[in-house]
Amino acid sequence: MSIVTRFAPSPTGYLHLGHAASALTGWRRAREAGGRYLLRIEDIDATRCRPEYTTAIVEDLAWLGLDWDGDIRIQSDHMAEYRAALDALDAMGLLYPCFCTRAEITAALGAPHGYDAPYPGICRHLGRSASADRITQGDPFALRLRMDAAIRQAGVLRCHEVGEGWIAADPAPLGDVVLARKDIPASYHLCVTHDDAVQGVTLVTRGADLRAATPIHVLLQRLMGWPVPAYAHHALLTDPAGRRLAKRDRAATLRDLRASGMTQADIKQIISCRIGRIASL
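Since the structure is predicted, the reported quantities are computational estimates derived from the model, not experimental observations.

### Some details on the sheet that holds strand β3 (residues 73-74)
Spatially, 3 strands are ordered β1-β2-β3 in an open sheet, and the strand pairing comes out parallel. In this open sheet, the two edge strands, each paired with only one partner strand, are β1 (4-7) and β3. Both strand β2 (residues 36-41) and β3 contribute to a ladder of 2 bridges, which runs parallel. In the sheet register, I41 faces β3, and the bridge partner there is I74.

### Re the sheet that holds strand β5 (residues 142-145)
The strand order β4-β5-β8 describes an open sheet built from 3 strands, whose pairing is antiparallel. In the strand order of this sheet, the two ends are held by β4 (95-98) and β8 (178-181), each with one partner. When strand polarity is set aside, the average angle formed by the axes of neighbouring strands in this sheet is 25 degrees. Two strands pair when backbone bridges link them, and β4 and β5 are joined in this way by 4 bridges, in the antiparallel orientation. By the bridge assignment, P97 is partnered in β5 with L143.

### Description of the pattern of salt bridges
Under the counting rule described, the total for this entry stands at 17 salt bridges. A salt bridge links R40 to E42, with the shortest nitrogen-to-oxygen separation between them at 3.2 Å. Like R40, the residue E42 is buried in the burial classification.

### Thoughts on the state of the cysteines
Counting across every chain of the model gives 0 disulfides. Distance from the sulfur of C123, which forms no disulfide, to the nearest cysteine sulfur (C100) is 3.6 Å.

### A look at the packing of helix α3 (residues 79-91) against helix α7 (residues 188-198)
Orientation of α3 relative to α7, taken along the N-to-C sense of each, is 105 degrees, at an axis distance of 10 Å. Viewed along their axes, α3 and α7 adopt a mutual orientation that is roughly perpendicular. Contact residues: E81, Y82, A85, L86 and L89 in α3; L190, C191, H194, D195 and V198 in α7. For the contact of α3 with α7, the per-class residue count stands at 7 nonpolar, 1 polar and 2 charged.

### So, the nonpolar core
Judged by nonpolar contacts, the single largest core of 36 residues is most densely connected at L89, L145, L179, I216 and L219. Of all the secondary-structure elements, those providing two or more residues to this core are α3, β5, α6 (147-154), β8, α7 and α8 (214-224). Ranked by the residues each element gives to this core, the list is headed by α8, at 6 residues. Contact partners of I216, with chain neighbours within four places excluded, come to L145, M147, P171, L174, V177 and H189. Listed in part, the 21 residues of the second largest apolar core include A23, W63, L64 and L257.

Here is what the cut-offs are and how they apply
Residues numbered from 1 in each chain as written. Predicted model: local features only at pLDDT ≥ 70, side-chain atom pairs only at ≥ 80, totals over all residues. Heavy atoms only, no water. Pairing = 2+ DSSP bridges. Helix = DSSP H or I, 4+ residues; strand = E, 2+ residues; numbered from the N terminus. Axes fitted to C-alpha atoms, helices over the stretch in contact; angles between N-to-C directions. Salt bridge = Lys/Arg side-chain N within 4 Å of Asp/Glu carboxyl O. Buried < 20%, exposed > 50% of the residue type's maximum accessible area, 1.4 Å probe, protein only. Disulfide = S-S within 2.5 Å. Parallel < 35°, antiparallel > 145°, perpendicular 65-115°, else oblique. Contact = heavy atoms within 4.5 Å. Nonpolar A, V, L, I, M, F, W, Y, C, P; charged D, E, K, R; others polar. Core = buried A, V, L, I, M, F, W, Y, C linked by side-chain atoms within 4.5 Å.

As structure tokens, this is what we get:
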């Protein structure tokens with residue numbers, strides 16, 4: 001089977017060295033194997049994504065010397081497909097509306113857990129009638145996955161991590177994750193697994209920060225009957241203080257580095273020096 005990889009950035013800012021490392025990793029694996037390399041723009045968050053960043057992403061990748069196969073997939077053009085996937089999960093009895101605010105969840109969890117802890121299940125047992133009444137009243141809500149029921153239906157989950165082999169994938173610690181909400185009609189988890197299936201991705205190359213999300217992706221793939229690709233999570237680039245590069249921390253962008261006189265070769269050398277696992281790019 002021919003290898004198919006992808007680079008799937010969100011246009012919420014300009015690309016930095018960490019993005020370049022991820023893009024180069026997938027491109028290199030595909031090209032060395034004679035496979036296909038795809039570009040996908042994950043712009044489902046209309047509150048943060050901007051078209052000018054999409055344009056900049058294409059320009060930066062071209063400057064790095066990366067090419068891709070086929071048309072660029074723009075997620076916002078496919079919302080009906082994600083809605084159909086949500087409807088399928090709902091028909092399985094695996095979704096429920098959650099009306100909790102961030103403050104209510106934080107209060108229910110209590111210190112020191114914070115908002116990032118698994119959802120405590122406040123709305124899990126609301127009856128259909130009560131939920132319908134609140135929806136009719138116009139109360140904002142999210143759609144959560146009934147994790148316990150989903151795991152029972154999916155059975156034992158495994159995935160193949162490059163360099164490690166087959167490993168267990170346990171999504172239970174993630175709790176009842178959100179798959180849609182008012183401001184973002186479909187979540188990253190749902191869209192990324194749907195698109196990987198539609199595009200025939202066989203190897204997902206991405207940063208180690210997303211490894212924790214892999215079990216929920218494998219779960220959704222099993223529930224929906226989608227193929228489960230192999231995964232290769234690479235080390236993250238960090239700044240001199242050891243913090244991973246991030247848009248919110250104003251990490252130097254590729255555009256900044258290019259304007260300062262750096263070349264493609266300079267960028268690739270920096271990446272290979274900072275991440276041993278991506279050496280000789």
